[in-house]
Amino acid sequence: MGNELDIDNFSHQLRWMTTNSRSLFVRNLRAFGGGKIHRKGEAMFLAIKDIRKSFGEGDSRVEVLKGIGIEIEKGEFCVLLGPSGSGKSTLLNIIGGIDRPDSGEIIIDGERMADMREKKLTAYRRKHLGYIFQMYNLIPNLTVRENIEVGAYLGEHPLDVDELLHTLGLFEHRNKLPNQLSGGQQQRTAIGRAIVKNPDILLCDEPTGALDYQTSKEILKLIETVNRKYGNVVLMVTHNDAIKDMADRVVRMHDGMIRKNYRNEMRVPAENLDW
Amino acid sequence: MNKRNPLRKRLLRELKSEIGKYLVIFLLLTASIGFVSGFLVADGSMMIAYDESFEKYNIEHGSFQLANEMNRAQRKAIESNGVTIYDNDYIEEELDNGSTIRLYANREEVNKLCLMKGKMPETADEIAVDRMYAENNHIAVGDTIGNQTHTWKVTGLAAFSDYSCLFSDNDDSMFDSVKFGVGALTKEGYARLDQRRKIYRYAWKYAREPADEQQEKEWSEDLMKVINAETDLEDFIPRYLNKAIQFTGEDLGSDRSMMIALLYIIIVIMAFVFGVTVSNTISKEAAVIGTLRASGYTRGELVRHYISMPLLVTFVSAIVGNILGYTVFKNVCVMMYYGSYSLPTYETIWSAEAFVLTTAVPVLLMIAINVLVLRRKLKLSPLKFLRRDLTRRRQKRAVKLSPRIPFFSRFRLRVIFQNAGNYVILMIGILFANLLLMFGLALPDVLDHYQDALQNNLLCNYQYMLKVPMNAMDEEHKLRSLIAMLQFRHGVRTEQEEAEAFSAYALNTQGEGLYPSESVVLYGVDEDSRYIKDIGETDIKVSSAYAEKFGLQAGDTITLKEEYEDTTYDFTITGVYDYIGAIAVFMNRGKLNETFDLGDDYYCGYFTDTPITDIDAKYIGSVTSLDDLIKISRQLDVSMGSMMYLVEVFAILIFMVLVYLLSKIIIEKNAQSISMTKILGYTNREIGGLYIVSTTIVVVLCLLLSLPLEYWIMYLIFRVMMMTSISGWIPFVFSPMLYVKMFAMGIVTYAVVALLEYRKVRSVPMDEALKNVE
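So, how was this worked out
Residues numbered from 1 in each chain as written. Chains lettered and ligands numbered in written order. Predicted model: local features only at pLDDT ≥ 70, side-chain atom pairs only at ≥ 80, totals over all residues. Heavy atoms only, no water. Helix = DSSP H or I, 4+ residues; strand = E, 2+ residues; numbered from the N terminus. Contact = heavy atoms within 4.5 Å. Areas by Shrake-Rupley, 256 points an atom, 1.4 Å probe, with all protein chains shown as cover. Lys, Arg positive; Asp, Glu negative; His and termini not counted. Charge placed at Lys NZ, Arg CZ, Asp CG, Glu CD. Pairing = 2+ DSSP bridges. Axes fitted to C-alpha atoms, helices over the stretch in contact; angles between N-to-C directions. Domains from an automatic or database assignment. Buried area = accessible area lost by both parts, 1.4 Å probe. Salt bridge = Lys/Arg side-chain N within 4 Å of Asp/Glu carboxyl O. Polar contact = N/O pair within 3.5 Å; in protein donor to acceptor, adjacent residues only side chain to side chain. Nonpolar A, V, L, I, M, F, W, Y, C, P; charged D, E, K, R; others polar. Expected span 1.5 Å × (residues − 1). Buried < 20%, exposed > 50% of the residue type's maximum accessible area, 1.4 Å probe, protein only.

### Side note on the overall build of chain B
Inference 1: Counting secondary structure elements, chain B contains 21 helices and 21 strands.
Inference 2: When its C-alpha atoms are laid out on the principal axes, chain B stretches across 110 × 65 × 45 Å.
Inference 3: Sequence separation of 24 or more characterises 81% of the internal contacts of chain B that already satisfy a separation of 6 or more.
Inference 4: Accessible area of chain B: about 35,000 Å², with a carbon and sulfur share of 56%.
Inference 5: Computing the positive centroid from 80 side-chain charges and the negative centroid from 93, chain B places the two 21 Å apart.

Right, here's the structure in full:
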């Protein structure tokens, strides 16, 4: 429990950071062990440190992330909760390397993202990340199978596509185009595309946002299975409070800051979720 | 209250955000419209100047040539048939610059000239020469021209109204403004020339204009009989058959329809490009359109909105194009005409028709095609738009592709299937641009090849045509004719060993429909001829030029007719003789003489490899050497050579613009997928490999596959051109190197576009894929 308290304390401090936040953060980091953050007995995989991000200029400038810090262990299922505009998607995009923070840093498996140039960032996404979006973002002119192959191409040791199609329940639909599929089937295809290369981190941005209750549960079960089976970090952004129960870690955000960050010791299977 | 559609406010923003695309289309349309408008204005103004020149400069209704000067009684007898006869005699001089100049004493009554620069000659050693001839031979006012016996100071450059096209001989395949010119001297200057070499040519004018060509033909046929009866007629050319007068007018007319057709092809292609662009915008804005339609906007309002930009661009292009047409391009086109024809001065005449053809018609074409595309696209229900489901058929099946095909190849194939419509337009565009390019590259090549071929299969180095006096064949005055014939025989006897006599007879093809009647020379050669081999006693062999032009082969029967009579002759071809220099028939001399009742030992010319020096010059009608034969290719080169460069540049421009616009659309259409693949970790190189390489494959295939098609289209166009407007035959030969050149030019041009597209792929932001998240 001590660890959770520490992190709560840490995020509490972060909330009060002001203009000299960076040096304060560094001091705090040092208090936690001098830049390399470790958890007892568990491998630290993803460290998010004091991320700040604002949009707009002058009067219309809005600070969307106000110094976010999170640490995630290998294989952890983390849910980022919060209402619209709380900054959770922006944070996800920064972790995904498709947006850059104004300040702060992200360390993944010991590598600092800030040092990465465009090419390296692409390689980073290629090596570590799988992405799942609310709107699926499938390539409309490719079949189900080919959409999954888009992901498989990127992995050094991708999963077997046919086997995955069976796992996803898409084998019989493998030759269909996205517009011939239901929302659930499309999202399963998107999951297939994300996990086929067996990424270290699976970033899910409201993956059930556009789906009905039953389909949402199916998708959540699938993500849960993937997380268990392949042991990848899952970072899921949602505003559905019920989903937090299936996570190892819950980070609640509000107005660009972390309200709560805790480990969920009593993980509930997706099957048993209800909302 | 007249409410204005608030959507119009988007137009300016749309223009700003897509300025590159609109600018490219605008430039292409403006250049095309401008050039065609300039051409039509120049063509129209020139045509008017040309038409008016008949009256203004009192151009003859025809001319004839006599062996001797006409006496007063003959003149009176002929003029009593309702015509006025004018002296139109000339003397030709070979000049030191290698050209021949036909000199007239300045004609003040008929065939007057239009002085364009300088002044008319006033003294015996002054001369006014044809402006084109002067330009081609770098002669300026103030220069001196001449030969060893005469020199003249050029005082003026002029357009000779009866030589708007410099044909030295009406039987020539092509005019020659380089080696042939006309000049006007003062009466005193003309009198100084060697009068023995005077050609007694007379021009005539009817008392009133013939009502139509048919009447003109009838009148001229009647007149010819009268003149023939009265005089020793050597040559007779009514105006409607005189190429030096008529060719220009015919050419001015035919170019016009070709230019208009070219413009409309470009407009139609660009209209489809706009159609594809707008379709793409509609797909992008599907949700907005759905909302607008759901809120009560009519389909018509949306069609009008989306058609605004294409129309605006076309309209502005048309206006700017027309302004440029009247100012810049008109002069370019006028210079082109002045570069081929010796036309009189013109006045720019505003042509309402040209304006309509280059403004209203392009705009209407643009409206028609875009309304068609837009109505089809906007036919879907608002709900479908809201769901972004723009497929017409609910379940659009994917084309099955075997997973064994490498993934990238399958991906590219999918891109090609997805953009099939774009690629079809691209193919048509490439075909069109490449046709232009082929035309630009082929013409100089064809001419070169023709010159080489002529050189390689000359019948002989010199072909002497003897001028048999017309009175030597006068059936009605047997004695006179006999004496004339004896004199002639004596005068043309040669000791030259290489010289070989032949007989010849000129007939005409019948001429059907679009194809005008054309002169055919029938050669009668000796059986053991050293120049024309393998002509047996019963052989009728047509020259390969004749065979190719009219698609003839052994066994076919040709019907030829006397030029001014109805008599026809049928010949059954026994073979093709390899000779491309003329439309000719080769047969046994005895047989030819017998067929045309010319007497057993009749001959009228010599084939020889070295010049003949011992025959009476007055009996030499003409000497044909290689230089005369390549006249046609030389002139085509002078008239069109510089234009070909322009055509090539224009072709490349069209190619570039089309590939740029259509591949840009493909990238824009797939922006979200491109963005997504970037997020997934694909490198720009890989994405380029998927989306740009697809276009590359299509472009390369188009370039390669269209080549044979282009060859055939070009072959047909060239053939029609040859059949309708040029006598003689130039074979269409397209050397393999030119295919390589065309392909290379296509690829290099495409590489430039591909680089631009690669930049575009790079600039697709990753958040593009996230735009529809919330």
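From this point, things continue past the structure.
### Quick notes on the sheet that holds strand β2 (residues 62–73) of chain A
Strand pairs in the sheet, formed through backbone hydrogen bonds, run parallel or antiparallel to each other.
Residues and elements named next belong to chain A.
Inference 1: Strand order in the open sheet formed by 4 strands is β2-β1-β4-β5, and the pairing between neighbours is antiparallel. The sheet is open, and its two edges are formed by β2 and β5 (111–112), each paired on a single side.
Inference 2: In this sheet, strand β4 (residues 103–108) lies alongside strand β1 (residues 44–55) in antiparallel orientation, the contact comprising 5 bridges. Across the sheet, A47 pairs through a bridge with I107, a residue of β4.
Inference 3: Contacts between helix α3 (residues 88–95) and the sheet are confined to β1, β2 and β4, with β1 contributing the most and set at about 120° to the helix.

### Some details on the domain arrangement of chain B
Residue and element names in this part refer to chain B.
Inference 1: Under the domain assignment used here, chain B contains domain 1 (56–247), domain 2 (407–457 + 628–774) and domain 3 (462–624).
Inference 2: Its C-alpha centre places domain 2 at a distance of 49 Å from the equivalent point of domain 3.
Inference 3: Contact with domain 3 buries surface across domain 2, with N457, M723 and W729 losing the most and accounting together for 44% of the total.
Inference 4: Seen at the junction of domain 2 and domain 3, the total is 0 salt bridges.
Inference 5: There are 6 residue pairs in polar contact (both at pLDDT 80 or more) connecting domain 2 and domain 3.
Inference 6: Elements represented by at least two residues in the side of domain 2 that touches domain 3 include exactly α13 (420–456), α17 (626–629) and α20 (684–725).
Inference 7: Looking at the side of domain 2 that touches domain 3 residue by residue, the class counts come to 9 nonpolar, 4 polar and 2 charged.

### What to know about the sheet that holds strand β2 (residues 83–87) of chain B
Residues and elements named next belong to chain B.
Inference 1: The strand order across the open sheet built from 4 strands is β2-β10-β1-β11, with neighbouring strands paired in antiparallel fashion. Each edge of the open sheet carries a strand with a single partner, namely β2 and β11 (233–238). Across this sheet, the average inter-strand angle for adjacent strands is 25°, counted without regard to direction.
Inference 2: Where strand β1 (residues 62–66) meets β11, 5 bridges bridge the pair, whose relative direction is antiparallel. Bridge pairing in β11 links G62 to P238.
Inference 3: Lying on the sheet, helix α3 (residues 72–79) is in contact with β2 and β10 (200–206); it crosses β2 at an angle near 145°.
Inference 4: Across the sheet, helix α6 (residues 213–230) is in contact with β1, β2, β10 and β11; its angle to β11 comes to roughly 165°.

### Re the interface of chain B and chain A
Inference 1: Between chain B and chain A, the residue contacts involve 34 residues of the former and 31 residues of the latter.
Inference 2: With both chains or domains summed, chain B and chain A bury close to 2,900 Å², and 57% of this area falls on carbon and sulfur atoms.
Inference 3: On inspection of chain B and its partner chain A, the count reaches 3 salt bridges.
Inference 4: A salt bridge links R126(A) to E686(B); the nearest nitrogen and oxygen atoms lie 2.5 Å apart.
Inference 5: Applying the counting rule to chain B against chain A returns 12 residue pairs in polar contact (both at pLDDT 80 or more).
Inference 6: Of all the secondary-structure elements, those providing two or more residues to the side of chain B that touches chain A are α12 (407–418), α19 (671–680) and α20 of chain B.
Inference 7: In terms of residue class, the side of chain B that touches chain A is built from 16 nonpolar, 10 polar and 8 charged.

### A short note on α12(B)
Note on helix geometry: an α-helix contains 3.6 residues per turn, so any two residues three or four positions apart are oriented the same way.
Inference 1: Its 12 residues place the ends of α12(B) 16 Å apart at the C-alpha level, agreeing with the 16 Å of an ideal helix rising 1.5 Å per residue.
Inference 2: By the burial criterion, the buried members of α12(B) are F407(B), F408(B), R410(B), F411(B), R412(B), R414(B), V415(B) and I416(B).

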